[in-house]
Amino acid sequence: THCVSGCVCPHNQVLDGKGGCIAPEDCPCVHNGNSYSPGESIRVGCNNCTCRNRKWHCSEEPCLETCSVYGDGHYTTFDGKRFDFEGDCEYVLVQNYCGQQGMNQGTFRVITENIPCGTTGTTCSKSIKVFLGVSIFFNKFDGHSDVIQRTPGGKMPFQIRSMGIYLVVDTTVGLILMWDKKTSIFIKLSPSFQGHICGLCGNYDGNGNNDFTTRSQSVVGNLLEFANSWKVSSSCPNANRTKDPCTANPYRKAWAQKQCSIITSDVFAKCHSQVEPNEYYQACVDDACACDTGGDCECFCTAVAAYAQACNELDICISWRTPSICPLFCDYYN
């Protein structure tokens, strides 16, 4: 229906913003600046939301949250706190062995081993161990994985499958681990563990401000004090801040900035309003500068893939790989 007499709508109708009139119940819903017509659905986290009568009506399924580690020590906790940490040791990523009583009641622990991956002192996650009761699952940087200890006489508490470039470990305790067999690790946890875990992935209580909780359960403001407390072995030296890799390798800086600009380019435009790109871009530049002992493209590709994965978590799928930018042999992986 068109508006009349200077764009005044008839009774019980409203302007639609396009020079026409519609019934109020036919007005669109808005999400992140985009308009959706009545009946249209979107996915928010793990829930479906449908536009009805100008409001979103969403399912209320509990969603698994994700902790990620990639490249040269880039961490994002379950509560969304981002930090960079480079230490040459084994570290507890997440466990529910917390506090004096929890040490005897925990059901899982995930440990990552970091080793130097460049001449600037940067370190990358090169292997990962998953402890589930008395079962131990072990992955190594070369893509090799093993069950090195089994539950005696019982069913294994996890299943292993491949999903694209990722090796996925599905456990029976509410933990899912995804690993690209290189330096990217994504850990998903059931909401039942909220507030009951600890480690470099934080405490999963919905508040990122207290994620720097040490092994002794003290909340600290110093990143190094927090991260060093989660060393598996006390014989490892405490990590100190390393110098900026692009300052150490200035000849790589321009190349790194040019390559990583794909993250802030139009290629990822539809994700920019959902996932802040600048921190991922800077992490990409740092990694591309730091990887000066081989694997130039691998470090860059891993950094871009981490941003693509963050977008994918919100159901924003970006086709960013090309024959000249981080190609995959899709037929093989499919």
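Residues numbered from 1 in each chain as written. Predicted model: local features only at pLDDT ≥ 70, side-chain atom pairs only at ≥ 80, totals over all residues. Heavy atoms only, no water.

Going by what an unreviewed UniProt entry lists, the protein is known as VWFD domain-containing protein and is assigned to Gavia stellata.

Participant: I would appreciate a short explanation of the nonpolar core in the present structure.
Facilitator: General note: in soluble globular proteins, nonpolar side chains tend to be found buried as a group. Leu93, Leu177 and Ile187 are the most contacted members of the largest nonpolar core, which totals 42 residues. Looking at this core, the elements that each hand over two or more residues are strand 8 (65-70), strand 11 (90-95), strand 12 (108-116), strand 13 (123-132), strand 17 (166-171), strand 18 (175-179), strand 19 (185-189) and helix 2 (223-228). Apart from the residues within four sequence positions on either side, Ile187 is in contact with Glu65, Thr66, Cys67, Phe78, Leu93, Val94, Val110, Leu175, Ile176, Leu177 and Cys201. Grouped together as the second largest cluster of nonpolar side chains are 30 residues, Cys260, Phe300, Cys301 and Tyr307 included. (Core = buried A, V, L, I, M, F, W, Y, C linked by side-chain atoms within 4.5 Å. Buried < 20%, exposed > 50% of the residue type's maximum accessible area, 1.4 Å probe, protein only. Helix = DSSP H or I, 4+ residues; strand = E, 2+ residues; numbered from the N terminus. Contact = heavy atoms within 4.5 Å.)

Participant: What exactly am I supposed to notice about the sheet that holds strand 6 (residues 47-52) here?
Facilitator: In a beta sheet, neighbouring strands pair by backbone hydrogen bonds and run either parallel or antiparallel. The strand order across the open sheet built from 3 strands is 5-6-7, with neighbouring strands paired in antiparallel fashion. Lying at the two open borders of the sheet, with one neighbouring strand each, are strand 5 (41-44) and strand 7 (55-58). Here the strands of the sheet are splayed against their neighbours by 35° on average, with no regard to which way each runs. When strand 5 meets strand 6, the two strands line up antiparallel, connected through 4 bridges. Within strand 6, the position partnered with Ser41 by the bridge is Thr50. (Pairing = 2+ DSSP bridges. Axes fitted to C-alpha atoms, helices over the stretch in contact; angles between N-to-C directions.)

Participant: It is not clear to me how the side chain of Ser68 should be interpreted in this structure. Could you clarify?
Facilitator: Mapped onto the elements, Ser68 comes out in strand 8. Ser68 sits in the buried class, given a relative accessible area of 8%. Setting aside its immediate chain neighbours within four residues, Ser68 contacts His74, Tyr75, Thr76, Ile185 and Phe186.

Participant: How do you make sense of the pairing of strand 7 when you look at a structure like this?
Facilitator: Looking along a regular strand, one sees side chains alternate from face to face of the sheet. In terms of strand pairing, strand 6 meets strand 7 through 4 bridges, oriented antiparallel. Paired with Cys51 across the strands is Trp56, a residue of strand 7. Taking the residues between adjacent antiparallel strands as the criterion, strand 6 and strand 7 are bridged by 2 residues, where Asn53 takes a positive phi near 55°.

Participant: Whenever I open this one, the packing of aromatic side chains confuses me. Can you help?
Facilitator: Within a pair of aromatic rings, the relevant descriptors are the distance that separates the centres and the angle that separates the planes. A complete count under the given rule lists 12 aromatic pairs for this structure. Ring plane angle 65° and centroid distance 5.5 Å describe the contact between Tyr36 and Trp56, whose orientation is recorded as edge-to-face. With Tyr36 in strand 4 (residues 34-36) and Trp56 in strand 7, the pair connects residues that are 20 residues apart, well separated along the chain. Seen from their ring centres, Phe268 and Tyr307 are 5.2 Å apart, and the 65° between their planes marks the pair as edge-to-face. (Phe/Tyr/Trp six-rings, centres within 6.5 Å; stacked < 30°, edge-to-face > 60°.)

Participant: How should the side chain of Asn96 be read in this particular structure?
Facilitator: Its place among the elements puts Asn96 in the loop between strand 11 and helix 1 (99-102). You can call Asn96 buried: its relative accessible area is 13%. For Asn96, the side chain forms a polar contact with the main-chain nitrogen of Thr107, separated by 2.8 Å. Within the structure, Asn96 has its side chain in polar contact with the backbone nitrogen of Phe108 (distance 3.1 Å). (Polar contact = N/O pair within 3.5 Å; in protein donor to acceptor, adjacent residues only side chain to side chain.)

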